[in-house]
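Structure at a glance
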Amino acid sequence: MYRLCFLIFLINVNYFIASPVQSDLASSFLEHNIVPDVLSVVPEEYLAVKFPSGAEAHNGNILTPTLVKDLPSLSWNAEPDLFYTVANVDPDVPSHDDPTKGQVVHWLAGNVPGDDILAGDQLMEYFGAGPAQDTGLHRYVLVVYEQPAKLEFDEPRMSNLTAENRYYFSIGDFAKKYNLGDPIAGNFYLAEYDDYVPILYKILGI
Ligand SMILES: *[C@@H]1O[C@H](CO)[C@@H](O)[C@H](O)[C@H]1NC(C)=O
């Protein structure tokens, strides 16, 4: 019994030493209710998310709309001959306490060959965080799914110059519809209103 406990102890210690990033990922996804509000399971892999501003998403850190206004680069363990779906959603619209219009899709790309996201189908082009004034912090979740094959997406193609067709989305329903299974990689950040939001609303015509 003692030996068994010691062995389990060693395995646990090893797990945390080997993958501090993964254990932070799981605890932050649970602590912020990304699971179950957005996903049913925590992705296994940490998705590296870096914005041109230099800011990086990291397990629910706080960024600003100004820092995330431009398309981020994402990296995960992508196989060059597989196709992926990448999504970025805000479940907290209009606010975390009253999410009646969420999720809003900020980015949705399918048939992404390896990690070359812009070579995939941009179903919904990227626009950054736009939390309305006085609605507190919103969660911005980024996830990657491995597709079973190249797919035909029966979805409207939306540019990032309009907010049309972005509301009342469910990444879970989308994944089910296309048999994407569980997300393989993920990350998220938090943001609230700043001076960039009215500029974004002007671009989107809202
Ligand atoms: C809008 O989408 C295009 C195509 O995906 C992208 O190149 C551009 O960077 C996006 N604009 C912003 C502000 O991210």
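Quick caveat, the model's predicted, so the values are computed rather than measured.

Observations regarding the overall build of the chain
For the chain, the helix and strand inventory stands at five helices and 10 strands. Counting only residues that meet the buried cut, the chain has 45% of its 206 residues in that class. Sequence separation of at least 24 residues holds for 71% of the intrachain contacts in the chain that already meet a minimum separation of 6. As presented, the chain carries roughly 10600 Å² of accessible surface, and 55% of it is formed by carbon and sulfur atoms.

Topic: the side chain of His138
Along the polypeptide, His138 turns up in strand 9 (residues 138-146). Within polar-contact distance, the side chain of His138 engages the side chain of Asp90 at 2.7 Å. A distance of 2.8 Å separates a polar atom in the side chain of His138 from a polar atom in the side chain of Thr135. The contacts of His138, once residues within four sequence positions are left out, are Asp90, Asp92, Val93, Pro94, Ser95, Pro131, Ala132, Tyr189, Leu190 and Ala191.

A short note on the nonpolar core
Generally speaking, a soluble globular protein has its nonpolar side chains buried in company with each other. The biggest cluster of nonpolar side chains holds 25 residues, and the ones touching the most others in it are Leu39, Leu108, Ile171 and Phe174. Where this core is concerned, the elements lending two or more residues are helix 2 (20-31), helix 3 (34-37), strand 6 (83-90), strand 7 (104-113), strand 8 (121-124), strand 9, helix 4 (171-177) and strand 10 (185-191). Of all hydrophobic cores here, the second largest spans 23 residues; its members include Leu47, Tyr84, Trp107 and Ala129.

Notes on the side chain of Arg139
Tracing the chain through its elements places Arg139 in strand 9. Look at Arg139 and you get buried, because its relative accessible area is 5%. Here the side chain of Arg139 touches Asp37 through a polar contact of 2.9 Å, side chain to side chain. Not counting chain neighbours up to four residues away, the residues in contact with Arg139 comprise His32, Asn33, Ile34, Asp37, Val89, Asp90, Pro91, Asp92, His96, Tyr189 and Leu190.

As for the site of the ligand
Residues in close proximity to the ligand include Lys69, Asp70, Leu71, Glu125, Tyr126 and Asn160, which together make up its full environment. Contacts to the ligand include Asn160, whose side-chain N or O atom sits 2.3 Å from an oxygen atom. In the complex, the protein chains occlude 61% of the 360 Å² of accessible area that the ligand would expose alone. In the shell around the ligand, the residues fall into two nonpolar, one polar and three charged.

Details of unusual backbone geometry
For the peptide bond that leads from Val93 to Pro94, omega is 0°, which places it in the cis range. Residue position: Pro94 is located in the loop between strand 6 and strand 7. Residue Gln103 is bonded to the preceding Gly102 through a cis peptide linkage, with omega at -5°. Looking at where Gln103 falls in the secondary structure, it is placed in the loop between strand 6 and strand 7. Positive phi outside glycine occurs at Asn165, with the angle close to 65°. As for its placement among the helices and strands, Asn165 is situated in the loop between strand 9 and helix 4. Accessibility expressed as a relative area gives 45% for Asn165, which makes it partly exposed.

The rules behind these values
Residues numbered from 1 in each chain as written. Predicted model: local features only at pLDDT ≥ 70, side-chain atom pairs only at ≥ 80, totals over all residues. Heavy atoms only, no water. Helix = DSSP H or I, 4+ residues; strand = E, 2+ residues; numbered from the N terminus. Buried < 20%, exposed > 50% of the residue type's maximum accessible area, 1.4 Å probe, protein only. Contact = heavy atoms within 4.5 Å. Areas by Shrake-Rupley, 256 points an atom, 1.4 Å probe, with all protein chains shown as cover. Polar contact = N/O pair within 3.5 Å; in protein donor to acceptor, adjacent residues only side chain to side chain. Core = buried A, V, L, I, M, F, W, Y, C linked by side-chain atoms within 4.5 Å. Near = heavy atom within 4 Å. Nonpolar A, V, L, I, M, F, W, Y, C, P; charged D, E, K, R; others polar.

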